[in-house]
Amino acid sequence: MIAVDRKAPQSLHRQIYNSFRAAIVDGRLRPGQRIPSTRVLASEIRVSRFPVLNAYAQLLAEGYLESRVGAGTVVSSSLPGQPTSSTPAQARNLPSRHELRSVAQRCLLLPRKEEFPWMVHWGPFRVGQVALDLFPKHLWSALVSRRCRGINAESAHYGDLMGHKALRRAIANYLNIARSVRCEAGQVLIVNGSQQALEITARVLLNPGDRVWLEDPSYRLARDAFTINECHPVPVPVDSEGLDVRAGIKKYRKARAAFVSPSHQFPLGVTMSASRRLQLVEWAQHSGAWIIEDDYDSEFRYESLPIASLQGLDANSRVIYIGTFSKVLFPSLRLGYIVVPPDLVDRFLLMRRVMDLGAPTLYQEVLADFIDEGHFARHIRRMRVHYGELRRTLVRSLRSTFGDKLEAIGDEAGMHLTVMLPDTRRDEEISARAARQNLSLWPLSRLYMEQPRQGFILGFGGVSAKEIPQAVRKLHRLVIRE
Ligand SMILES: Cc1ncc(COP(=O)(O)O)c(C=O)c1O
C-alpha cells in the first residue's frame, strides 16, 4: 500500500504522506486501524526513518492519524467510515469541460472564453502592442532600484487607498494641462488599468437592469464590464462625428449612462465633434445620466494638438473620466486612473476597497518620479513622432498596395488604423488564415452589436517601419488574391 520511488521528483516524505492519505481517504485504511511503527515501515520500504517520521508527523498534525497509548499510531477514529470524495487533487475526477456545474447566474452572462487566433499570435498589427524598443528601460530600472533601495516601513505597508499622493498630484497636473480635465489630486483614484476603472464605475453608479448606451462598435471588455453588472447595453451607432446622440435618444432616452471614447473612438478612430459633445452633455444633464469617458490613447494625435476632454466641457460633474498608462508606457504596468466627481469620491473609494487594497505602491512611486522628473513628457513627445511616422508609413503602404480597394478610416491619431473590407469578404475568415501566416488582424465585425461591418483593426504600435510594406503585401494576398 505504501510505496516510494527514489527517482520521482517528489521527496520521500511527501510520497509516504500522499500514499497514506490516499489510502485513508478512499477507505483502504479504516478508522482505528493500526499502522506500522516508523521503524518497521522504514525497513519495509527501505528508507531511513527520517522521511517516515516527517510523514507521520504531518498526518498526525492534519488529523488523519492519532497516537493511542499502548496501541501506537492508528487511523484517526473521528474520520468518516465511508470512503470520501475528497481524494487528493491529482487523482480528482474533474467534470468534463462540457458538463455544466452550477455557478452564479452572472457568470453565464459573459461570452464563453475563446482562443481567437488573432490574439494568440505576436505578428505585425497586433492591437495594443507598444514600441518597447523606445521605452527608456535603463532609466526606468534606475528609478525602480532607487525606490527599492529606499523601501521603509511606511512604503512597505498598505498604501493610500486613493493611490500614491505624489502620483495623483502629477496626474492631476498633467490632465489639467494636456487634457483640459478639470480636477484636483483629491479626485484622482489610481486603479489597475482602465478595465478596473470601468468595473468600479459600473458598480458604483449602475443598478441591475439599467440601460447603458454603448458606441457600436465598441471595446468588447467594456461591454462585458456592464454586462457582468447586469446592465443592458443599448448599441448606439457611430458615424464620422462619433456617437450619434440623437439615435441614442430615439432608442432609449432614459439610459442611465453612456460609455464613449470621444478623443479617438475605439475601434473606428473618429473624434467626437463639438456639437455631439454638447448634445451628449446636455442629454446627460437633462436625464440625470452619467457619461463614462474612456480616454485610452488620447496622447497620440499627429495632425493637430490633442483634443480636449469631454470632462472639461461638462459643468455639471456628470462625466467620469478614465485614463490609462497602458498605451503611453506599457500594458503590463497595470496602472490607470479615474477622475471622480468630488461628491462621489468616498463612494468610489469604498467600492475600490472591496475589490482590492490598492495598486502596488512601488510602481506608483516610480511612475510619479518618472513624471515629476520630466521623463514622461519627453517619452510622449518621442512616441508621438515615432507612432506618427509608423502611421504615415502604413497609410502610404496600404495606398500603394491596395489603391482604393481598402478604405482606411479614422483620424490621424492613436496606435491603430481601421480598414474596411471591400464587397462581401468575411473578416473573421481572413483573420484566421492570417494568423497562420503570423499576421494579427483583429476582425472589426466582432466588435459590433448590430449591423456588423467587415474590416480589420491594424495595431501599428509594435511593428517597425521596415516590416510594414511586407506585412501589407501579405495582407493584400489574403484579402485580394486568395
Ligand atoms: C478602448 C480601450 N479601453 C480600455 C482598454 C484597457 O486598458 P487597460 O490596459 O488600462 O485596462 C483598452 C485596451 O486595449 C482599449 O482598447
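Above this note sits the structure.
Remember, it's a predicted structure, so these values are computed and weren't measured experimentally.

### Structural notes on the packing of helix H8 (residues 194-205) against helix H9 (residues 220-228)
Phase 1 of the analysis: Where H8 meets H9, the axes come as close as 9 Å, and the angle between the chain directions of the two elements is 30°. In this view, H8 runs roughly parallel relative to H9, as classed from their interaxial angle. The crossing of H8 and H9 is right-handed. Taking contact as the criterion, the partners of Gln 195, Leu 198, Glu 199 and Ala 202 in H8 are, on H9, Leu 221, Ala 222, Ala 225, Phe 226 and Ile 228.
Phase 2 of the analysis: The residue inventory of the contact of H8 with H9, partitioned by class, reads 7 nonpolar, 1 polar and 1 charged.

### Points about the pairing of strand E10 (residues 336-339)
Phase 1 of the analysis: Neither face of E10 is left uncovered, since the one carrying Gly 336 and Ile 338 and the one carrying Tyr 337 and Val 339 both have all their residues buried.
Phase 2 of the analysis: Both strand E3 (residues 188-191) and E10 contribute to a ladder of 4 bridges, which runs antiparallel. In the strand pairing of E10, Val 191 is matched with Gly 336.
Phase 3 of the analysis: Bridge count for strand E9 (residues 319-324) against E10 is 4 bridges, and the pairing is antiparallel. The partner of Thr 324 across the bridge, within E10, is Gly 336.

### Let's talk about the side chain of Ser 194
Phase 1 of the analysis: Within the secondary structure, Ser 194 is located in helix H8.
Phase 2 of the analysis: Ignoring sequence-local partners within four residues, the contact set of Ser 194 consists of Ile 322, Gly 323 and Thr 324.

### Re helix H11 (residues 274-287)
Phase 1 of the analysis: Given a rise of 1.5 Å per residue, 14 residues ought to cover 20 Å, and the 20 Å separating the end C-alpha atoms of H11 matches this to within 8%.
Phase 2 of the analysis: Regarding H11, the residues found buried are Arg 276, Arg 277, Leu 280, Val 281, Trp 283 and Ala 284. On an axial view of H11, the arc spanned by its buried residues comes to 160°, and they lie on one face. For H11, exposure combined with an orientation more than 90 degrees from the buried face picks out Ala 274 and His 286.
Phase 3 of the analysis: Tucked into the core, H11 has its buried residues touching strand E4 (211-216), strand E5 (232-239), strand E6 (242-243), helix H10 (245-252), strand E7 (257-260) and strand E8 (290-294).

### Topic: the site of the ligand
Phase 1 of the analysis: The full set of residues close to the ligand is Gly 193, Ser 194, Gln 195, Tyr 219, Phe 266, Asp 294, Tyr 296, Thr 324, Ser 326, Lys 327 and Arg 334.
Phase 2 of the analysis: In isolation the ligand exposes 400 Å². Once the protein is present, 90% of that is buried.
Phase 3 of the analysis: Split by residue class, the shell around the ligand holds 3 nonpolar, 5 polar and 3 charged.

Definitions and cut-offs
- Residues numbered from 1 in each chain as written.
- Predicted model: local features only at pLDDT ≥ 70, side-chain atom pairs only at ≥ 80, totals over all residues.
- Heavy atoms only, no water.
- Axes fitted to C-alpha atoms, helices over the stretch in contact; angles between N-to-C directions.
- Helix = DSSP H or I, 4+ residues; strand = E, 2+ residues; numbered from the N terminus.
- Parallel < 35°, antiparallel > 145°, perpendicular 65-115°, else oblique.
- Left-handed = near helix turned anticlockwise from the far one by under 90°.
- Contact = heavy atoms within 4.5 Å.
- Nonpolar A, V, L, I, M, F, W, Y, C, P; charged D, E, K, R; others polar.
- Buried < 20%, exposed > 50% of the residue type's maximum accessible area, 1.4 Å probe, protein only.
- Pairing = 2+ DSSP bridges.
- Expected span 1.5 Å × (residues − 1).
- Arc of directions from axis to C-beta.
- Near = heavy atom within 4 Å.
- Areas by Shrake-Rupley, 256 points an atom, 1.4 Å probe, with all protein chains shown as cover.

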